[in-house]
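Reading the structure
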Amino acid sequence: MIKKIVSMALASVLALSVLCSCGGKTTSTASSPDKSSSDAASTTTFTPTYPIVESPITVKAWVVGKDMTNPRLLWSEDLYNLTNIKVEFSNIESDAFNAALSGDDWPDFFAVGFNKAQRNEFGALGHKLVNYLDKLEIMPYLAKFMEEYPVSKQALLSSDGGMYGLFRYEEGPGLSGARMHYNAEFLEKNNIAAPETLDEFYEVLKKCKELNGGAAPLVTNLNQTWGYYGAAMFPAFGELNSFGRTLDANDNVVNAYISDQYREFLKYVAKLYKEGLLHQEYMTLDTNSMSSLVQQGSGIFFAECALGLPIDTFTDGKWHIGTLKPLVAKKGDTPVAPEYEAVKADGTFPINAASKYVDEICRMLDTQFSKDEVKEGSGINGLAWNYGKSDTVFHIDEKTNTYTLTTRDGSVDDYNTDWLTKNVIYDWAGVQFIMQYAPATESNTKNRLEGYINNLLPYCTGKILHSGWLTFTDEEQDTLDSYSTEYDNYVNQSRAQFITDTEGMDINDDAVWKKYVDTVKSLHDDDLNKVYQDAYTRFSSTK
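Note that this is a predicted model, so its numbers are computed, not measured.

Reading guide: rules and limits
- Residues numbered from 1 in each chain as written.
- Predicted model: local features only at pLDDT ≥ 70, side-chain atom pairs only at ≥ 80, totals over all residues.
- Heavy atoms only, no water.
- Helix = DSSP H or I, 4+ residues; strand = E, 2+ residues; numbered from the N terminus.
- Phe/Tyr/Trp six-rings, centres within 6.5 Å; stacked < 30°, edge-to-face > 60°.
- Lys NZ or Arg CZ within 6 Å of the ring centre and 35° of its normal.
- Salt bridge = Lys/Arg side-chain N within 4 Å of Asp/Glu carboxyl O.
- Pairing = 2+ DSSP bridges.
- Buried < 20%, exposed > 50% of the residue type's maximum accessible area, 1.4 Å probe, protein only.
- Axes fitted to C-alpha atoms, helices over the stretch in contact; angles between N-to-C directions.
- Core = buried A, V, L, I, M, F, W, Y, C linked by side-chain atoms within 4.5 Å.
- Contact = heavy atoms within 4.5 Å.
- Right-handed = clockwise from strand over helix to strand, strands pointing away.

Right, let's get into the environment of T404. Mapped onto the fold, T404 is located in strand 16 (residues 402-406). Taking the C-alpha atoms as reference points, T404 and P439, separated by 35 residues in sequence, lie 5.8 Å from one another.

Looking now at the packing of aromatic side chains. Taken as a whole, this structure holds 45 aromatic pairs when the rule is applied. Aromatic ring contacts, followed pair by pair, group F234, F237, F243, Y257, Y262, F265, Y268, Y490, F498, W513 and Y516 into a single cluster. When the ring centre of Y487 is taken as origin, the NZ or CZ atom of R245, which lies over that ring, is 5.0 Å away. The ring of Y202 carries K271 above its face, with NZ or CZ at 4.0 Å from the centroid.

As a further point, take the pattern of salt bridges. Tallied over the entire structure, the rule returns 19 salt bridges. Residue R168 pairs with D346 through a salt bridge whose shortest N-O separation is 3.3 Å. Taken together, the residues span a long stretch of sequence, with R168 in strand 7 (residues 166-171) and D346 in strand 14 (residues 343-348) at a distance of 178 residues. Measuring nitrogen to oxygen at the nearest pair gives 3.1 Å for the salt bridge that ties E200 to K331. With E200 in helix 8 (residues 198-211) and K331 in the loop between strand 13 (321-323) and strand 14, this residue pair connects regions lying 131 residues apart in the sequence.

Backbone hydrogen bonds are what pair the strands of a sheet, in a parallel or an antiparallel way. The strand order across the open sheet built from four strands is 9-12-8-13, with neighbouring strands paired in mixed fashion. Unpaired on one side and paired on the other, strand 9 (218-219) and strand 13 mark the two borders of the sheet. Note: strand 9 against strand 12 (residues 301-302), two bridges, orientation parallel. If you follow L218 over to strand 12, its bridge partner there is F301.

In this section: unusual backbone geometry. The general pattern is negative phi for most residues beyond glycine and trans for most peptide bonds. Cis geometry marks the peptide bond from Y50 to P51, where omega comes out at 5°. Topologically, P51 is positioned in the loop between strand 3 (44-47) and strand 4 (57-64). Here the phi dihedral of D251 falls at roughly 70°; this positive angle occurs in a residue that is not glycine. One can find D251 in the loop between strand 10 (245-247) and strand 11 (253-255). The class of D251 is partly exposed, set by a relative accessible area of 29%. The backbone of H524 sits at a positive phi, close to 60°, despite the residue not being glycine. Summarising the element assignment, H524 is placed in the loop between helix 17 (510-522) and helix 18 (525-541). Taking relative accessible area as the criterion, H524 reaches 32% and is therefore assigned partly exposed.

The subject of this paragraph is the sheet that holds strand 18 (residues 431-433). In spatial order, the strands read 14-7-18; together these three strands make up an open sheet with mixed pairing. The open sheet terminates on both sides in strands that have one partner only, identified here as strand 14 and strand 18. Averaged over neighbouring strand pairs, the angle between their axes works out to 20° when direction is ignored. By the bridge criterion, three bridges tie strand 7 to strand 18 in an arrangement that is parallel. If you follow E170 over to strand 18, its bridge partner there is Q432.

W75, F109, F201, F301, F349 and L365 are the most contacted members of the largest nonpolar core, which has 143 residues in total. What F201 contacts, discounting residues up to four positions off in sequence, is P195, L218, Y229, M233, Y268, F301, L324 and L327. Formed by 13 residues, the second largest nonpolar core is a distinct cluster that contains V64, I92, F114 and A124.

Buried residues dominate strand 4, accounting for six of its eight residues. Sheet analysis places strand 4 next to strand 5 (residues 85-92), joined by eight bridges and oriented parallel. Residue pairing across strands places T58 opposite K86, the latter belonging to strand 5. With helix 2 (residues 73-83) bridging strand 4 and the parallel strand 5, this β-α-β connection has right-handed handedness. In terms of strand pairing, strand 4 meets strand 6 (residues 109-110) through two bridges, oriented parallel. Bridging from a neighbouring strand, A61 pairs with F109 of strand 6.

In structure tokens form, the structure reads like this:
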């Protein structure tokens with residue numbers, strides 16, 4: 001039996017008595033359970049048994065834009081061996097998907113995500129998709145998971161309160177976008193301690209520039225407001241934890257772009273730019289250009305290019321990709337980074353309501369929400385939906401907090417994503433709890449993930465507004481569509497002008513700042529803020 005992935009074990013389901021037609025046992029405790037509620041599972045107890053069907057059945061599914069050369073072992077072997085359900089996949093080209101959806105020849109289910117608009121059109125309004133909340137009585141793993149993590153349900157609800165797709169849940173070391181990397185070998189050779197405060201970071205950048213012949217030591221794209229260094233530094237300037245529409249200390253939606261905190265952040269970045277500490281082409285640097293600067297030794301602090309850096313970036317044949325803690329305003333402050341989005345509201349696996357195998361498909365998909373093996377020896381749990389059978393591919397050593405990925409042909413790779421997506425899975429799904437684990441093999445990935453585990457994840461506590469979880473009414477969506485483009489263009493343009501002190505946009509000039517704030521407010525800022533506030537209020541009140 002495979003090891004438990006997390007310390008929280010899935011609560012056992014109660015005893016049962018009546019054999020149901022699709023292979024499970026159920027005891028009804030209410031004559032008419034409220035299937036539209038997440039409490040539906042509590043009115044009916046159910047223990048899954050496997051195989052799901054005694055005689056094999058074949059169901060059809062669509063994937064979109066996939067290479068179909070190789071069968072995916074999760075589906076063709078692992079799940080089939082467990083469930084007796086064979087899934088016959090057809091690939092729809094990306095540019096043909098919308099047209100295919102408008103037709104009547106749908107498969108039994110879709111191995112692809114439906115966005116909010118599609119879930120609303122075909123689910124809430126069209127009634128062509130299965131509402132998963134109606135099936136919780138036969139999906140105990142999903143029901144239990146949503147009970148423990150209610151936001152996972154809240155993030156998927158459509159306008160009618162139904163849930164017409166599934167979510168993915170991840171807790172892992174590489175999820176936060178507030179990443180600040182540096183060349184630890186360079187700092188160590190020059191006896192420079194890793195900076196912890198904003199002032200220390202400024203002084204270290206000046207020292208690195210001096211030691212490096214005047215080259216700008218910070219090579220990152222701060223024009224991307226959710227990008228890495230910006231996300232990691234912004235909370236140090238005040239109480240807000242992220243840019244854009246975000247939450248204040250009282251859970252009210254506010255616009256960070258007109259806050260004093262945002263102005264102080266821009267003053268700091270403008271100073272880095274003016275003094276040549278931030279690369280002068282920060283708005284146009286792509287990942288390859290940043291990687292070249294780091295490999296040449298001129299870029300000392302970086303972020304976006306860290307993933308692709310080779311070992312010969314460093315002179316001693318060892319990995320030295322350092323990870324800073326989120327910067328703070330002064331010594332003694334607790335570092336804060338924005339919380340990461342553990343729930344991915346992808347809306348995957350919509351089920352055709354007209355399929356004759358709805359219950360069987362629901363039970364098969366339910367296995368991706370189990371934290372432990374659903375049947376001893378099967379190797380199937382939530383993690384298997386990302387890596388294949390957990391006892392043959394994904395191996396965790398809890399003594400060293402490391403993992404290895406071993407392909408079924410015997411080769412070992414620290415992060416063989418390409419092999420997995422071509423041979424095991426189509427897309428990431430299921431439930432991952434690998435927060436404290438890094439690869440066992442020395443590698444770029446191991447170096448970075450260990451940095452995240454030690455210096456970043458403990459501080460991802462800053463509450464933010466996850467706009468991807470919100471559902472908007474038609475009227476609200478019209479407001480967003482009408483006003484967002486002009487608003488976004490002005491804010492983005494102004495940000496670049498403030499940082500570079502061009503077009504008369506001196507961030508230190510009070511009159512200039514006031515004019516900027518007034519202009520933002522004139523671009524229907526209150527209307528936009530109300531849309532997000534109302535949507536967030538509804539989201540927060542959902543049970």
